[in-house]
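# Architecture at a glance
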Amino acid sequence: MTPCPKKNTKILIVDDDHDDQFIIKKIFRSILPATEIAQAYNGIECLNYLEANLNELPDLITMDINMPLVNGIEATISLKNDERFKGIPLVVLSTSDRKNDMETVLQNGADDYFIKPIVYDELNFTLKSIADKWLRIDIQ
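Anyway, here's the lowdown on the structure attached to this text. Being a predicted model, the structure only gives us computed values, none of them experimental.

For the rest of this paragraph, the subject is the environment of tyrosine 120. Here tyrosine 120 is to be found in helix H5 (residues 120-134). For the pair tyrosine 120 and isoleucine 23, spaced 97 residues apart in the sequence, the C-alpha separation amounts to 8.3 Å.

See the structure below:
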């Protein structure tokens, strides 16, 4: 039997690619059906969402790096320098495998970094790993 997350578990997915958002949301919904999922398409939307939901902050943020307006590195720096948000686990989920991107975002407060797989089954495995590690939910 798979443990269920607490009733009000929330995930914020920050990614400018609508297809990636759809697939990530679909996978999270399949493995964590009781979880509320919010979406933002760039760093500004992410910051605005958090500001508007101070009483119901997410339990996890997944963040892409390459986004318009405010990219994932800039958004991570803003979040991790804000006392209200720095305790939220922030996991970068990006197609970038550039060592410089990984080092920069981790040095600026991201809690983890995963290269976003292109293959659905690999992405499913990656998201299960993220849920297990950062939400402390054992997914079978």
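Mapping serine 94 onto the fold places it in strand E4 (residues 90-94). Discounting residues that sit within four places of it in the chain, serine 94 has contacts with Asp64, Ile65, Asn66, Tyr113, Phe114, Ile115 and Lys116.

Take unusual backbone geometry next. Even without a glycine there, the phi angle at leucine 69 is positive, about 70 degrees. When you line up the elements, leucine 69 lands in the loop between strand E3 (60-63) and helix H3 (72-80). You can call leucine 69 exposed: its relative accessible area is 67%.

This part covers the pattern of salt bridges. Enumeration according to the criterion identifies 11 salt bridges in this entry. A salt bridge links glutamate 36 to lysine 10, with the shortest nitrogen-to-oxygen separation between them at 3.7 Å. Separated by 26 residues along the polypeptide, glutamate 36 in strand E2 (residues 36-40) and lysine 10 in strand E1 (residues 10-14) bring together distant segments of the chain. For lysine 10, a relative accessible area of 5% puts it in the buried group. One salt-bridge network, in which partners are shared between bridges, spans Lys10, Glu36 and Glu56.

The geometry of helix H2 (residues 43-52) relative to H3 is characterised by a closest axis approach of 9 Å and an angle of 25 degrees between their N-to-C directions. It follows from the interaxial angle that H2 and H3 lie roughly parallel. Residue-level contacts link Gly43, Cys46, Leu47 and Leu50 of H2 to Ala75, Ser78 and Leu79 of H3. For the contact of H2 with H3, the per-class residue count stands at 5 nonpolar, 2 polar and no charged.

Criteria and thresholds
Per chain, the residues get numbers from 1 upward, laid out in the order the sequence is written. For this predicted model, a pLDDT threshold of at least 70 governs which residues receive local features, and a threshold of 80 or more governs which side-chain atom pairs are given and counted, while totals over whole chains, interfaces and linings are taken from all residues. Processing note: side-chain calculations cover all non-hydrogen atoms of the structure and skip hydrogens and water entirely. Counting from the N terminus, the helices are the DSSP runs of H or I reaching at least four residues and the strands are the DSSP runs of E reaching at least two. Every residue pair with non-hydrogen atoms within 4.5 Å of one another is taken to be in contact. Think of it in three bands: with a 1.4 Å probe and only protein chains considered, a residue is buried below 20% of the maximum accessible area for its type, exposed above 50%, and partly exposed in between. We define a salt bridge as a contact between a side-chain nitrogen of Lys or Arg and a carboxyl oxygen of Asp or Glu at a distance within 4 Å. Comment: axis = line fitted to C-alpha atoms, over the contacting stretch for helices; angle = value between 0 and 180 degrees taken between N-to-C directions. Under this scheme an angle from 65 to 115 degrees is roughly perpendicular, one under 35 degrees roughly parallel, and one over 145 degrees roughly antiparallel; angles in between are oblique. Under the convention adopted here, Pro, Cys and the residues Ala, Val, Leu, Ile, Met, Phe, Trp and Tyr are nonpolar, Asp, Glu, Lys and Arg are charged, and Gly plus all remaining residues are polar.

Just geometry here; none of it tells us what the structure is for.
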